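Geometric and topological summary
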Amino acid sequence: MSLTDKNYRITMNDIVREGDPILRRKVEEVKFPLSDEDRNAMDAMMRYLIESQDDELAEKYGLRPGVGISANQVGLDRRMFAVLFTDVMEEENPTLYQYKLFNPKIVSHSAAMTYLPDGEGCLSVDREVEGIVPRYEKIKLKAYDENGKEMLLKLKGYPAIVMQHELDHLNGVMFYDHINAKNPQQEPTGVDIQSLW
Ligand code: K2U
Ligand code: NI
């Protein structure tokens, strides 16, 4: 049973860790109609996110919670990622963001930037890396769904941050590449930037 088989369960053993060259590769576009392998892999990636956010299943299978996972994080050279999260900034009736995105591309973005005050983490990074990770505050993301239908997502704040973290993976970029090495907690100068909260 492997990642591209039906109903495969991804565990931490399948998650590629920093140092593996595939995390530094600009991965290949997905072709439509989806192959069974690509479809099964994306389904396994979404299943991982769902199960990793279920306390019992995460405990049972030793899963690190994730709100996003990209194909190259499970060793696949494909431009696709899954996300599952609610917007942390919306108290009542938070919007659920559950997407399987293929060949995603930022088609426009704000000049203004934002960042998570506690920094970012990564399923492929088994260590704390502190520091401000500047992200565009608003983005328009073009992508395709599993049927090859084009969509345009207008995102702001936390949803925009998550999508940029995942899109970076498809371009071989790690979150800590954006951190000011000399002064990690310093906001970039000459940029309109503010913490998400
Ligand atoms: O791509 C990944 O490694 C998944 C990351 C995505 C991410 C990290 C930081 C900021 C935005 C997105 C994991 O979800 S990190 C673990 C996590 C779990 C729950 C909430 C936030 C971060
Ligand atoms: Ni990551």
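Heads up: the structure comes first, above all this text.
Computed from a predicted structure; not experimentally measured. (Residues numbered from 1 in each chain as written. Chains lettered and ligands numbered in written order. Predicted model: local features only at pLDDT ≥ 70, side-chain atom pairs only at ≥ 80, totals over all residues. Heavy atoms only, no water.)

Examining the overall build of the protein
A tally of helices and strands in the protein yields three helices and eight strands. Counted from the first residue to the last, the protein has its helices and strands arranged as α-α-β-β-β-β-β-β-β-α-β. The C-alpha radius of gyration of the protein comes to 16 Å, within 12% of the 16 Å expected for a compact globule of 197 residues. With the C-alpha coordinates aligned to their principal axes, the bounding extent of the protein is approximately 50 × 40 × 35 Å. A total of 197 residues make up the protein; the buried ones form 48% of that total. Considering only contacts in the protein between residues 6 or more positions apart, those separated by 24 or more positions represent 72%. Taken as two groups, the 24 positive and 34 negative side-chain charges of the protein have centres that lie 6 Å from each other. (Helix = DSSP H or I, 4+ residues; strand = E, 2+ residues; numbered from the N terminus. Rg over C-alpha atoms; globule rule 2.2 N^0.38 Å. Buried < 20%, exposed > 50% of the residue type's maximum accessible area, 1.4 Å probe, protein only. Contact = heavy atoms within 4.5 Å. Lys, Arg positive; Asp, Glu negative; His and termini not counted. Charge placed at Lys NZ, Arg CZ, Asp CG, Glu CD.)

Quick look at the sheet that holds strand E3 (residues 96-109)
Sheets are built from strands that pair by backbone hydrogen bonding, the pairs being arranged parallel or antiparallel. Pairing is antiparallel in the open sheet, where five strands are placed in the order E1-E2-E3-E6-E7. Across the chains shown, the open sheet's two edge strands, defined by having one partner strand only, are strand E1 (68-70) and strand E7 (150-156). For this sheet, the mean inter-axis angle between neighbouring strands, taken without regard to orientation, is 40°. Relative to E7, strand E6 (residues 138-144) runs antiparallel, the two sharing seven bridges. When the sheet's bridge partners are listed, lysine 140 is paired in E7 with lysine 154. Of the strands in this sheet, E1, strand E2 (80-86) and E3 touch helix H1 (residues 36-52), which is tilted by about 25° from E2. Contacts between helix H3 (residues 158-170) and the sheet are confined to E1, E2, E3, E6 and E7, with E2 contributing the most and set at about 160° to the helix. (Pairing = 2+ DSSP bridges. Axes fitted to C-alpha atoms, helices over the stretch in contact; angles between N-to-C directions.)

Focus: the coordination of the nickel ion (ligand 2)
Any two of four tetrahedral donors ideally make an angle of 109.5 degrees at the metal, while pairs among six octahedral donors ideally make 90 or 180 degrees. Coordination of the nickel ion (ligand 2) by the protein is provided by Cys122 (SG), His165 (NE2) and His169 (NE2), with metal-donor distances spanning 2.1 to 2.3 Å. Sequence spacing of the donor residues for the nickel ion (ligand 2), all on one chain, is C-x42-H-x3-H. Taken together, the residues span a long stretch of sequence, with cysteine 122 in the loop between strand E4 (113-115) and strand E5 (135-136) and histidine 165 in helix H3 at a distance of 43 residues. The pair formed by cysteine 122 and histidine 165 is uniform in burial state, with each residue classed as buried. (Donors = N, O, S within 2.8 Å, 3.2 Å for Na, K, Ca; no water.)

Quick word on the sheet that holds E5
Taken together, three strands build an open sheet; the order of strands is E5-E4-E8 and the sheet is mixed. Two strands in the sheet have a free side with no partner beyond their single neighbour: E5 and strand E8 (193-195). With three bridges connecting them, E4 and E8 associate as parallel partners. Paired with tyrosine 115 across the two strands is serine 195, which belongs to E8.

Comments concerning the pattern of salt bridges
A side chain of one charge can pair with a side chain of the opposite charge when the charged atoms of the two come close. With the rule as written, the count across this model stands at twelve salt bridges. Residues arginine 9 and glutamate 51 are paired through a salt bridge, measuring 2.8 Å at the closest nitrogen-oxygen approach. With a gap of 42 residues between them, arginine 9 in the segment before H1 and glutamate 51 in helix H1 connect regions that are remote in the sequence. In this structure arginine 9 comes out as partly exposed when scored by relative accessible area, which is 29%. Across the salt bridge formed by aspartate 38 and arginine 78, the nearest N and O atoms sit 3.0 Å from each other. Highlighted residues: aspartate 38 in helix H1 and arginine 78 in the loop between E1 and E2, separated in sequence by 40 residues. Three or more residues are tied together by salt bridges with common partners; here these are Arg39, Asp43, Lys100 and Glu146. (Salt bridge = Lys/Arg side-chain N within 4 Å of Asp/Glu carboxyl O.)

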